Amino acid sequence: MTKIDAIGRKILHELSRDGRISNLELAERVGLSPSACLRRVQELERSGVITGYRAVIDPAKLGLTFLAYVTVGLSSHTKQAQTDFEAAVAEAPEVRECHNITGAIEYLLRIETEDLAAYKHFHTEVLGVLPQVHSITTYVLMDSPKDERG
């Protein structure tokens, strides 16, 4: 585990809000000289605290207006069932996130599709036909007042 001081936390906060911020602007926001700021960012990258940068895409602008979180319970609790399920959802473009979780179910998925009809097709023809799947529960996303996934 890497120890992060207050300046490091400020740097991470600013970069998580805007990964394209210039080093000059970042340095101003965190109270460092540009050279010291760049060294700190490079060290966070080198140590693996910062694992990469990416674009945040608005699904609605791509016509993906139906968003849901789906819980999936498996019919078997073996490593092979998990591996097979994870391989199957990795191939499904509708699945934007897949998390193996604890509790009454094994997986939490974030699904993005064009509309309800497209989701129904995914639910019945993709997810519903997987032999590892025992139960599916869908939670339709109505709004996201806070979303820091970045």
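Residues numbered from 1 in each chain as written. Predicted model: local features only at pLDDT ≥ 70, side-chain atom pairs only at ≥ 80, totals over all residues. Heavy atoms only, no water.

Asker: Where do I start with the sheet that holds strand 4 (residues 133–140) in this structure?
Answerer: Strand-to-strand pairing in sheets goes through backbone hydrogen bonds, with the strands running parallel or antiparallel. In spatial order, the strands read 2-3-1-4; together these four strands make up an open sheet with antiparallel pairing. Bordering the open sheet on either side are strand 2 (95–100) and strand 4, each of which pairs with just one other strand. When strand polarity is set aside, the average angle formed by the axes of neighbouring strands in this sheet is 20 degrees. The sheet contact formed by strand 1 (residues 66–74) and strand 4 spans seven bridges and is antiparallel. Within strand 4, the position partnered with Ala68 by the bridge is Val140. Its contacts with the sheet put helix 4 (residues 79–90) on strand 1, strand 2, strand 3 (107–113) and strand 4, and the angle it makes with strand 3 is roughly 15 degrees. (Pairing = 2+ DSSP bridges. Helix = DSSP H or I, 4+ residues; strand = E, 2+ residues; numbered from the N terminus. Axes fitted to C-alpha atoms, helices over the stretch in contact; angles between N-to-C directions. Contact = heavy atoms within 4.5 Å.)

Asker: In this structure, what is going on with the pattern of salt bridges? I would like to understand it.
Answerer: Pairs may arise between side chains of opposite charge once their charged atoms sit close together. Under the criterion given, the structure shown has ten salt bridges. The closest approach of N and O atoms between Arg46 and Glu43, which form a salt bridge, is 3.4 Å. Remark: Glu43 and Arg46 occur in helix 3 (residues 34–46); sequence separation between them is three residues, near one turn of the helix. With relative accessibility at 40%, the residue Glu43 sits in the partly exposed group. For the salt bridge of Arg110 with Glu112, the shortest nitrogen-to-oxygen distance reads 3.2 Å. No difference in accessibility class separates Arg110 from Glu112, as the two residues are buried. What emerges from the salt-bridge pattern is a single network uniting Glu14, Arg17, Glu25 and Arg29. (Salt bridge = Lys/Arg side-chain N within 4 Å of Asp/Glu carboxyl O. Buried < 20%, exposed > 50% of the residue type's maximum accessible area, 1.4 Å probe, protein only.)

Asker: Help me understand the packing of aromatic side chains in this model?
Answerer: Aromatic rings considered in pairs are described by the distance between their centres and by the relative angle of their planes. Scanning the entire structure with this criterion turns up three aromatic pairs. When the centroid spacing of 4.6 Å and the interplanar angle of 40 degrees are considered together, the rings of Phe85 and Tyr107 count as tilted. In this pair, Phe85 sits in helix 4 while Tyr107 sits in strand 3, placing the two residues 22 residues apart along the sequence. Tyr107 sits in the buried class, given a relative accessible area of 0%. Between Tyr119 and Phe122 the ring centres are 6.2 Å apart and the planes differ by 45 degrees, which places this aromatic pair in the tilted class. Placement of the pair is Tyr119 and Phe122 together in helix 5 (residues 116–127), with a separation of three residues, close to one helical turn. Taken together, the ring pairs connect Phe66, Tyr119 and Phe122 into an aromatic cluster. (Phe/Tyr/Trp six-rings, centres within 6.5 Å; stacked < 30°, edge-to-face > 60°.)

These figures capture arrangement, not role.
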